[in-house]
Every structure is written in structure tokens, then in C-alpha cells.
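What follows is each chain in one-letter form.
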Amino acid sequence: MIPGTNFVRQSTLSVLSNRSWVPKDLASVTTYDPAEEVDPESVGLTRKGVDAIWKTVENMYATGMHPGISFVLRRHGQVVLKRAIGHASGNGPGEVRNERKVLMRPDTPIVLFSACKAIAAMVVHLLSEKKLISLLDPVSHYIPEFGQNGKRDITIYQLLTHKGGIPTVDPGEHDPGDLLVDQDAVRHLIYATAPDKPGHHQVYHALTAGFVFADLVERVTGRPFRSVFRDWITRPLGLTRMDFGAPKKLRAQVARNYVTGFRVGGPANLYLQHVFGANLEDATGISNEDRFFEAVIPAGNGIGTADECARFFQCLLNGGELDGTRVFEPLTVRRAVVEVGKPEIDRGLLMPIRFSAGMMLGGKRFSLFGSDTEQAFGHLGFTSNTIWADPERDISVAFLNTGKLGIGLHVPHHVCMLRNISRYCPKLSEEEQGQRLLATGMC
């Protein structure tokens with residue numbers, strides 16, 4: 001036997017059995033309204049290019065790694081693609097094929113996981129805009145309990161930039177699932193934790209900073225985080241399904257998450273446990289439970305439709321205004337998306353990431369948002385949810401999915417999707433970029 005062939009065969013069988021059923025006719029599981037999509041030529045694109053972008057999304061779905069996908073692409077503020085493919089529930093690995101399957105639709109809410117960090121960060125930036133806090137102040141100025149065990153001088157800004165030195169906490173005897181949805185217990189652990197050289201190096205804060213931000217919002221406003229988020233952002237912008245957690249009336253409509261792809265174990269699961277506090281199966285399972293939607297986890301349990309996510313980032317692209325309603329000042333947006341330092345290998349994610357105060361940033365070569373995207377800003381979510389805006393191309397994009405996996409057959413198609421978006425959405429000319437900056441107040 002050739003060394004390694006048995007492992008390859010077993011791994012291939014594993015990924016093939018751990019996938020959703022894909023029909024031959026992809027149109028039968030694709031939902032969209034052609035009237036909602038503009039003619040690509042009207043926004044400087046081509047039909048060939050837009051079709052090529054959508055084809056890569058179809059190819060990704062055809063691998064069976066994502067039971068459901070929702071995708072939106074906006075250019076110059078206009079909807080170019082707003083489509084869903086697959087199922088919101090009933091067609092995941094292990095589910096009986098003749099069970100009731102619910103189609104994924106463009107208005108289906110999906111759990112954003114860490115992609116919601118960028119959204120939650122803007123609530124903190126609004127506190128600063130309203131002069132309720134200074135981002136350079138120590139967190140302990142507003143939350144005295146946070147200052148325990150060497151954290152007295154850690155600033156809000158350091159937490160926003162993943163340099164707070166508290167990327168994880170030891171759950172002790174707590175069940176990670178129970179701890180995740182217990183605000184008081186998790187905050188107590190975070191506030192008692194000793195930091196690791198805050199400000200010295202970049203380590204992705206998967207969940208910890210989000211709980212601190214929620215407490216910060218509540219301390220300085222005297223109101224629950226969710227209430228502030230709704231009143232300051234989602235209601236003014238008409239984002240009816242974007243939230244942190246979900247009310248009972250909406251939970252049944254939220255797409256179900258599934259573990260797909262190659263079975264990960266050993267080092268891979270230890271890595272996920274270290275970064276996210278739970279392994280792949282546990283994290284996915286918790287995300288489908290009622291207690292998950294009852295909680296407020298600003299770094300992990302945001303929900304929304306792909307269209308609402310693209311609209312939120314369109315608002316940032318516009319300098320804080322959408323459809324005549326302003327929720328952020330242009331300076332606030334600029335402060336939130338400017339790079340905070342030179343690119344470095346993140347010690348948690350083990351890859352080079354450029355960060356702003358709350359966002360992941362693109363790059364010339366290596367980028368989460370495609371090639372040649374140095375000005376792009378957005379965020380990635382467990383495991384490949386991606387929402388972003390690219391000022392040079394004047395686009396806002398949301399790719400949301402329900403397949404949660406470490407390694408799978410979808411990866412080449414995901415890379416191709418990002419490449420095609422960069423390729424077929426050309427950059428604006430220098431004159432056009434200057435006009436856009438003037439119009440949005442972002443100059």
C-alpha cells in the first residue's frame with residue numbers, strides 16, 4: 001500500500017458523507033427577484049463578469065459544504081446580485097432527504113458569528129461620537145471591576161484592536177456552552193483574568209472583548225446593549241432582522257447551522273477550542289439552541305440577512321448615511337476603518353491580519369476580501385461568513401452560509417469567488433474616487 005493512501009481514502013469518504021445533498025438543477029434551489037437586481041452595465045460592470053461571480057457561488061454550493069448560501073453584491077449603492085441558493089434547514093448532513101426542506105431565501109436571517117464584531121464595534125464608536133467615552137480611556141474608568149489583576153490601564157482602543165492581552169479566559173468548571181450564554185458568569189471570569197502583555201502583540205480576541213463592550217455600553221447609557229443597538233442603528237436604517245440574538249417570533253426563520261467538510265480532530269479541534277472556547281461540533285450545536293438566541297454575545301451571535309449586512313456596510317461606505325438617514329458622522333467611520341499598525345502575524349489566528357479599531361482590513365496580495373483590496377474593510381465569521389466594503393471599487397458585499405467546517409472542498413471556489421469580485425468589479429478612476437470621497441465626507 002502506498003503510504004497515506006488509506007488516510008486519503010478515509011478522509012475523502014468522510015467529507016463526501018458529511019455534506020448536504022445537491023440537486024442537478026441548481027435553479028430549483030435558487031431564489032431571487034430579478035426586479036431587485038440592476039442592469040450591471042448601469043453601474044460600470046458587465047453581464048459576463050456578474051455571471052462569473054455568481055457561477056463561483058454556485059460552484060461553492062455544489063460541493064455540498066454549505067447547505068445554504070445567501071449572497072449580495074452592491075455597486076455604487078445599487079443591488080447587482082441578491083440571491084440565495086440551497087436550504088435554510090432540512091438538507092444538512094445526516095438529515096433524511098424526504099424530510100421537509102425549507103429553501104434559503106434572500107430574506108432568511110443567518111447567524112453571523114464573528115462577522116458581527118465589526119457591527120458591534122460601531123456601537124462603541126458611536127459612544128465616542130456622542131462624547132460618552134474616549135476610546136483612549138482605560139476600560140476600568142467605566143468598569144472598575146475590569147481593572148483587576150494588572151488590567152487597570154488597558155484601553156478601549158486596545159480591546160478594539162485585539163491588543164488587550166485577554167484573548168481567552170479559562171472556563172474552569174463552567175461548561176463552555178453554559179458560560180457563553182451567562183453574561184454575569186463570563187464577565188466575572190474576564191474581569192478576574194490576568195492579561196498577557198497588553199499592547200505588546202496582536203492576538204485575536206474571539207469572544208472576550210465583545211462581552212466587555214456590551215457591559216461598557218450598558219454602564220455609560222444605563223440601557224441594555226440590544227436596546228441601544230436597535231435605537232441607534234437598526235431602526236433608523238430599517239434593518240428589521242439584524243440583531244444580537246433573536247426574539248422568539250424570529251427564531252424559527254433563522255437558518256440552521258451544520259457541521260460539514262472533513263472531520264477535524266486532534267490539533268485542529270484544540271486550535272478551535274483555544275480560539276473560540278469550543279470545538280467545531282459544540283460551537284455549531286450551541287448556535288442552533290434557544291439559549292444562544294436569548295443571549296447577547298456582541299462578538300458572536302449577531303444575526304442578519306446578507307442584504308442587511310451589505311446595507312450596513314454600504315452605510316459605512318457612504319460615510320455613515322444610508323437612504324437619507326445618517327447614523328454615523330464621517331469622522332467616526334474614518335476612525336473605525338483606518339489601519340492601526342503594520343501588518344503582523346496574529347498569534348491567535350496564526351496568519352497575517354491587518355486590523356483597524358474593530359475591522360479586518362484587506363491587502364495587496366494576502367487578503368480575506370480578494371486580491372488587490374488594500375482599502376477594503378469588513379470581517380470574517382465562523383467559518384467563512386464574509387462581509388465587507390471596498391471603497392476603491394465602491395462595492396459592499398455579504399457572503400453568508402450555514403456550513404461550519406475546518407477543511408472542505410469549497411475552499412478553491414471561495415478563493416475564486418473573491419478573485420472574481422476583485423477582477424470583475426474594476427476600481428474607480430482617481431477622479432471618481434475623489435468625487436466619491438467628497439460626496440460622502442470621507443476626504
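Details of the structure are given in the entry above.
Residues numbered from 1 in each chain as written. Predicted model: local features only at pLDDT ≥ 70, side-chain atom pairs only at ≥ 80, totals over all residues. Heavy atoms only, no water.

Examining the packing of aromatic side chains
Thinking step 1. Applying the stated criterion across every chain, the model contains nine aromatic pairs.
Thinking step 2. Here F312 and F313 contribute two aromatic rings whose centre-to-centre distance is 5.7 Å and whose plane-to-plane angle is 70°, an arrangement assigned as edge-to-face.
Thinking step 3. Overall, the relative accessible area of 0% leaves F312 in the buried class.
Thinking step 4. Given a relative accessible area of 0%, F313 falls into the buried group.
Thinking step 5. Consider the rings of F312 and F328, whose centres lie 6.3 Å apart with planes at 85°: the pair is edge-to-face. Taken together, the residues F312 in helix α13 (residues 306-317) and F328 in the loop between β10 (325-326) and α14 (330-337) connect sequence positions 16 residues apart.
Thinking step 6. One aromatic cluster is present, built from ring pairs that chain together F312, F313, F328 and F377.
Thinking step 7. Taking NZ or CZ as reference, R83 lies 5.4 Å from the ring centre of W54, over its face. (Phe/Tyr/Trp six-rings, centres within 6.5 Å; stacked < 30°, edge-to-face > 60°. Buried < 20%, exposed > 50% of the residue type's maximum accessible area, 1.4 Å probe, protein only. Helix = DSSP H or I, 4+ residues; strand = E, 2+ residues; numbered from the N terminus. Lys NZ or Arg CZ within 6 Å of the ring centre and 35° of its normal.)

Focus on the side chain of D215
Thinking step 1. The residue D215 is located in helix α7 (residues 208-221) in this model.
Thinking step 2. A relative accessible area of 4% places D215 in the buried class.
Thinking step 3. Apart from residues no more than four positions distant in its own chain, D215 is found in contact with I143, R187 and Y191. (Contact = heavy atoms within 4.5 Å.)

Focus: the nonpolar core
Thinking step 1. Counting residues in hydrophobic clusters, the biggest one holds 129 residues, and the most contacted among them are F71, I156, F312 and F328.
Thinking step 2. In terms of residue count, helix α3 (residues 117-129) provides more of this core than any other element does, nine residues in total.
Thinking step 3. When near neighbours in sequence (up to four residues on either side) are disregarded, F312 contacts I119, M122, I233, L239, M242 and F328. (Core = buried A, V, L, I, M, F, W, Y, C linked by side-chain atoms within 4.5 Å.)

So, the pairing of strand β12 (residues 352-355)
Thinking step 1. As paired elements, strand β11 (residues 344-345) and β12 share two bridges and run antiparallel to each other. In the strand pairing of β12, E344 is matched with I353.
Thinking step 2. Counting the residues that bridge the hairpin from β11 to β12 gives six residues, and of these L350 lies at a positive phi of roughly 60°.
Thinking step 3. Relative to strand β13 (residues 360-361), β12 runs antiparallel, the two sharing two bridges. Opposite F355, over in β13, you have M360 as the bridge partner.
Thinking step 4. Connecting the antiparallel pair β12 and β13 is a turn made up of four residues, with G358 showing a positive phi of about 125°. (Pairing = 2+ DSSP bridges.)

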